[in-house]
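# Chains, contacts and geometry: an overview
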Amino acid sequence: QVQLVESGGGLVQPGGSLRLSCAVSGSIFSITAMAWHRQAPGKQRELVADITSGGSTNYADSVKGRFTISRDHAKNTVSLEMSSLKPEDTAVYYCNAVGTLWDNRAPFDYWGQGTEVTVSS
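All figures in this text were calculated on a predicted structure; none of them were measured in a lab. (Residues numbered from 1 in each chain as written. Predicted model: local features only at pLDDT ≥ 70, side-chain atom pairs only at ≥ 80, totals over all residues. Heavy atoms only, no water.)

## Points about the overall build of the protein chain
Each helix and strand in the protein chain was counted, giving zero helices and eleven strands. Secondary structure elements of the protein chain occur, N-terminal to C-terminal, as β-β-β-β-β-β-β-β-β-β-β. For 121 residues, the compact-globule estimate of 2.2 N^0.38 gives 14 Å, and the protein chain sits close to it at 14 Å. On the principal axes, the C-alpha backbone points of the protein chain span a range of 50 × 25 × 25 Å. Out of the 121 residues belonging to the protein chain, those deemed buried represent 40%. A separation threshold of at least 6 residues defines the contact pool for the protein chain, and within that pool the share at least 24 residues apart is 56%. Put simply, the protein chain shows about 6,400 Å² of open surface, and 48% of that area lies on carbon and sulfur atoms. Averaged over its 10 positive side-chain charges, the protein chain has a centre that lies 3 Å from the centre of its 11 negative ones. (Helix = DSSP H or I, 4+ residues; strand = E, 2+ residues; numbered from the N terminus. Rg over C-alpha atoms; globule rule 2.2 N^0.38 Å. Buried < 20%, exposed > 50% of the residue type's maximum accessible area, 1.4 Å probe, protein only. Contact = heavy atoms within 4.5 Å. Areas by Shrake-Rupley, 256 points an atom, 1.4 Å probe, with all protein chains shown as cover. Lys, Arg positive; Asp, Glu negative; His and termini not counted. Charge placed at Lys NZ, Arg CZ, Asp CG, Glu CD.)

## As for the packing of aromatic side chains
A complete count under the given rule lists two aromatic pairs for this structure. Each ring, one from Phe29 and one from Trp102, has its centre 5.6 Å from the other, and the planes form 45°; the classification is tilted. Taken together, the residues Phe29 in strand S4 (residues 28–39) and Trp102 in the loop between strand S9 (91–101) and strand S10 (107–111) connect sequence positions 73 residues apart. For the pair Phe108 and Tyr110, a centre-to-centre distance of 5.8 Å together with 50° between the ring planes defines the contact as tilted. We classify Tyr110 as partly exposed; its relative accessible area is 25%. Of note, Arg45 hangs over the ring of Tyr94, and the distance from its end group to the ring centre comes to 3.7 Å. (Phe/Tyr/Trp six-rings, centres within 6.5 Å; stacked < 30°, edge-to-face > 60°. Lys NZ or Arg CZ within 6 Å of the ring centre and 35° of its normal.)

## Points about the pairing of strand S11 (residues 115–119)
Every second residue of S11 is oriented toward a common face, the buried set being Thr115, Val117 and Val119 and the non-buried set Glu116 and Thr118. By the bridge criterion, three bridges tie strand S2 (residues 10–12) to S11 in an arrangement that is parallel. Opposite Val12, over in S11, you have Val119 as the bridge partner. Sheet analysis places S9 next to S11, joined by three bridges and oriented antiparallel. Note that in S11 the partner of Val92 across the bridge is Glu116. (Pairing = 2+ DSSP bridges.)

Here it is in structure tokens:
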């Protein structure tokens with residue numbers, strides 16, 4: 001079993017910054033990629049940013065230049081540094097990890113429970 005636990009959400013004023021973190025634990029052989037997605041009220045979940053095991057990153061156009069995704073391989077964590085936040089960044093942010101289980105080398109694709117980010121004055 002694999003668990004993802006997010007932290008760092010909250011209320012922030014427009015223009016402010018916030019850092020989200022996600023810790024992955026369980027019987028893991030390897031993690032191929034980790035990502036942050038978000039879902040705003042009344043909207044579909046969308047990819048915010050992802051990072052591969054090799055360090056390649058990908059960002060949604062709406063967050064390029066403002067958000068930075070990073071990964072700590074030793075700790076199996078992924079972070080999302082968010083700056084110049086806008087009201088439209090308000091959403092529940094979800095961490096996602098894909099990889100291989102230790103026991104049987106089967107692939108896994110797990111999600112965290114989500115952490116709420118509200119950008120408002």
